[in-house]
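The chain contents come next:
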Amino acid sequence: LARMALATAAGQQMDVQNLPGEENYWRIVAAKSTPFYGAALELGALLGSADPQVVSQLYRLGVMIGEMIQLEDDLTDALQTPANPDWGQGRNNLLILYALTADYPERSEFVTLLPHVDDPRCLARAQVILVSCGAVSYGVYHLIQRYQAARRLLEETRLTNPEPLSEMLTRYGESLASYLKVSGSNVEPEL
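I will try to describe carefully the structure that is included in this document. Since the model is a prediction, treat every value here as computed from it, not as a measurement.

Considering the overall build of the protein chain
The helix and strand tally for the protein chain stands at 10 helices and zero strands. For the protein chain, the sequential pattern of α-helices and β-strands runs α-α-α-α-α-α-α-α-α-α. Along the first, second and third principal axes, the C-alpha set of the protein chain runs to 55 × 40 × 25 Å. Out of the 191 residues in the protein chain, the part that is buried amounts to 47%. Partitioning the intrachain contacts of the protein chain with sequence separation of at least 6 by distance along the chain shows that 65% fall at a separation of at least 24. Put simply, the protein chain shows about 10,100 Å² of open surface, and 56% of that area lies on carbon and sulfur atoms. Seen as two clouds, the 14 positive and the 23 negative side-chain charges of the protein chain have centres 2 Å apart.

So this is what it looks like as structure tokens:
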């Protein structure tokens, strides 16, 4: 519990610094989101007297869930109306970060719109650019990678009853399908 609390607090402290760049984005995600969820599943496994391999696997599963939650949060925040504070506070939202740094034709327009997203028309245009420049697809790509890895890990983990964790991952898959539709992708039954 102490390790989880210290790691999460350190990650929150990093988050409020608004450190620039994608490398820092992933450092912050690893520090602030994943220790909490990893420790939650790890503690459950320890309390259930699981063998050390299962404890380790459930910690890693929790880490992946923490990453998925952060990515889903970024997708939701970037596509929310009215503008979420991520837009105006320079927060490291992966989609906004992508749109600010990727090379694409509307980048200068996006940068110009960014300070004006309190205007619903500017926000709507900026969100269209998030889709057209590939930012939404990029966020969804990372979410799919973690979802699939979590599914594989859950299948490899010897649990007496994997159903509750499987159901939780299924809910993330359903949420992910809605983002795939926003990004213009065809949704396959199994991601």
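Read on, since the account is not over.
Some remarks on unusual backbone geometry
In this chain, Thr 81 is followed by Pro 82 through a cis amide linkage whose omega measures 0°. Positive phi is not limited to glycine here, since Ser 49 has a value of about 60°. As for its placement among the helices and strands, Ser 49 is situated in the loop between helix 3 (34–47) and helix 4 (52–79). Assessed through its relative accessible area of 65%, Ser 49 is described here as exposed.

Here's the deal with empty space enclosed by the protein
Across all of its chains, the model carries one cavity of 30 Å³ or more by this definition. Counted as a void, the largest cavity has a volume near 30 Å³. Lining the largest cavity we find Met 68, Glu 72, Leu 143, Tyr 147, Tyr 172, Ser 175 and Leu 176. Sort the elements by how many residues they give to the lining of the largest cavity and helix 10 (residues 163–182) lands first, with three residues. Classifying every residue of the lining of the largest cavity by side-chain character gives five nonpolar, one polar and one charged.

Remarks on the packing of helix 1 (residues 2–16) against helix 3
Packing of helix 1 against helix 3 brings their axes to within 9 Å, and their N-to-C directions diverge by 165°. Considering the angle they form, helix 1 stands roughly antiparallel to helix 3. Both helix 1 and helix 3 take part in a crossing whose hand is left-handed. Along its contact with helix 1, which presents Arg 3, Met 4, Ala 7 and Thr 8, the element helix 3 presents Pro 35, Phe 36, Ala 39 and Glu 42. For the contact of helix 1 with helix 3, a count of residues per class yields five nonpolar, one polar and two charged.

Notes on the packing of helix 1 against helix 2 (residues 22–32)
Contact pair helix 1 / helix 2: the axes reach a minimum separation of 7 Å and the direction vectors enclose 150°. With respect to helix 2, the axis of helix 1 lies roughly antiparallel. Here the hand of the crossing between helix 1 and helix 2 comes out left-handed. Residue-level inspection shows Ala 7, Thr 8, Gly 11, Gln 12, Met 14 and Asp 15 of helix 1 in contact with helix 2, the latter providing Arg 27, Ile 28, Ala 31 and Lys 32. Of the residues in the contact of helix 1 with helix 2, the class split is four nonpolar, three polar and three charged.

As for the nonpolar core
The biggest cluster of nonpolar side chains holds 45 residues, and the ones touching the most others in it are Leu 61, Trp 87, Phe 110, Leu 130 and Leu 169. Sorting the residues of this core by element identifies helix 2, helix 3, helix 4, helix 6 (94–101), helix 7 (107–113), helix 8 (120–132), helix 9 (135–156) and helix 10 as the ones contributing at least two each. For this core, the element with the most residues is helix 4, which contributes 10 residues. Sequence-distant contacts of Leu 169, defined by excluding residues within four places in its chain, comprise Leu 61, Ile 65, Met 68, Tyr 147, Ala 150, Arg 151 and Leu 154.

Quick notes on the rules
What you see as residue numbers is a count from 1 along each chain, following the sequence as written. Totals for whole chains, interfaces and linings use all residues, but because this is a predicted model, local features are given only for residues with pLDDT of at least 70 and pairs of side-chain atoms are given and counted only at 80 or more. Where side-chain values are given, they derive from all heavy atoms of the structure, hydrogens and water being excluded. Each helix corresponds to a stretch of at least 4 residues labelled H or I by DSSP, and each strand to a stretch of at least 2 residues labelled E; elements are numbered beginning at the N terminus. Each residue gets one of three labels from its accessible area relative to the maximum for its type: buried under 20%, exposed over 50%, partly exposed in between, using a 1.4 Å probe on protein chains only. Residue contacts follow a heavy-atom distance rule, with two residues in contact if any of their heavy atoms lie within 4.5 Å. The accessible surface values rely on the Shrake-Rupley method and a 1.4 Å probe; as for residues, cover is taken only from the protein chains in view. Positive: Lys, Arg. Negative: Asp, Glu. His and the chain ends are not part of the count. To locate a charge, the coordinates of NZ of Lys, CZ of Arg, CG of Asp or CD of Glu are taken. Only protein atoms enter the calculation, which uses a 1 Å grid: trapped sets of points that fit a 1.4 Å probe without letting it out are cavities, open sets showing protein on both sides within 12 Å along at least five of seven lines are pockets, and any residue with an atom within 4 Å of a point is a lining residue. Grid points are joined across faces, edges and corners, and a volume is the space filled by probe spheres set on the points. Gly counts as polar in this scheme, as do all residues outside two lists: the nonpolar Ala, Val, Leu, Ile, Met, Phe, Trp, Tyr, Cys and Pro, and the charged Asp, Glu, Lys and Arg. Every axis in this analysis is a line fitted to C-alpha atoms, fitted for helices over the stretch in contact. Angles between the N-to-C directions lie between 0 and 180 degrees. Each angle is binned into one of four classes, with values under 35 degrees roughly parallel, values over 145 roughly antiparallel, values of 65 to 115 roughly perpendicular, and all other values oblique. The hand of a helix crossing depends on one turn: near helix anticlockwise from the far one by less than a right angle means left-handed, and clockwise means right-handed. Among buried residues, those of type Ala, Val, Leu, Ile, Met, Phe, Trp, Tyr and Cys that are joined through side-chain atoms within 4.5 Å constitute a nonpolar core.

The quantities given are spatial measurements derived from coordinates; they are silent on function.
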